[in-house]
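Results of the structural survey
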Amino acid sequence: MENLLTIIHVIACLGVIGLVLMQHGKGADMGAAFGSGSSGSLFGVSGSSNFLSRTTAIFVLVFFLTSIALAFIAGQKSGTGSVVKSTESSEVQKPSETKSGEAQSKSSSGAQNIPK
């Protein structure tokens, strides 16, 4: 289920990026308002939404829904233990390993410790 949601999420993300890049900007016709065109207002006439903007809205809705669903699934999967406690337990084990390694190197002859 999580893999399917992740695939849908990535497709929606790429769809939003592609559709936004394909759309015509609202400020692109601004030069026409200053004498070079026959625009009635400063930013042109705002008509009804076309196919690209409707499709973009659908992809954005799917993107947000999959984001919420994936966040919910990740929250359910996480353990109830503390992150701090798990890092403290791993840090306690590491110094004991290094101390035993230092003890072995001190017991060996000093000639082996000289860098080459």
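Residues numbered from 1 in each chain as written. Predicted model: local features only at pLDDT ≥ 70, side-chain atom pairs only at ≥ 80, totals over all residues. Heavy atoms only, no water.

Looking now at the UniProt feature "transmembrane region" (unreviewed entry) in the chain. Here, UniProt's "transmembrane region" (unreviewed entry) annotation points to residues 51-75. The distance from the first to the last C-alpha atom of residues 51-75 is 36 Å, and the span holds 100% helix and 0% strand. (UniProt positions renumbered as here; feature names shortened; annotations may be inferred. Helix = DSSP H or I, 4+ residues; strand = E, 2+ residues; numbered from the N terminus.)

Here we take up the environment of Lys 77. Tracing the backbone shows Lys 77 in helix 2 (residues 51-77). The class of Lys 77 is exposed, set by a relative accessible area of 57%. (Buried < 20%, exposed > 50% of the residue type's maximum accessible area, 1.4 Å probe, protein only.)

Turning to the environment of Ser 67, a few remarks are in order. If you trace the backbone, Ser 67 turns up in helix 2. Residue classification places Ser 67 among the partly exposed residues on the basis of a relative accessible area of 25%. Once the C-alpha coordinates of Ser 67 and Leu 5 are considered, the two residues, 62 residues apart in sequence, prove to be 8.8 Å apart.

Turning to helix 1 (residues 2-22), a few remarks are in order. Across its 21 residues, helix 1 extends 30 Å between first and last C-alpha, which sits within 8% of the 30 Å expected from 1.5 Å per residue. Within helix 1, the full set of buried residues consists of Leu 5, His 9, Ala 12, Gly 15, Val 16 and Leu 19. Within helix 1, the buried residues cover an arc of 130° as seen down the axis, which keeps them to one side. Opposite the buried face of helix 1, by more than 90 degrees, sit the exposed residues Asn 3, Ile 7, Ile 11, Leu 14, Leu 21 and Met 22. Considering only its buried residues, helix 1 is in contact with helix 2. (Expected span 1.5 Å × (residues − 1). Arc of directions from axis to C-beta. Contact = heavy atoms within 4.5 Å.)

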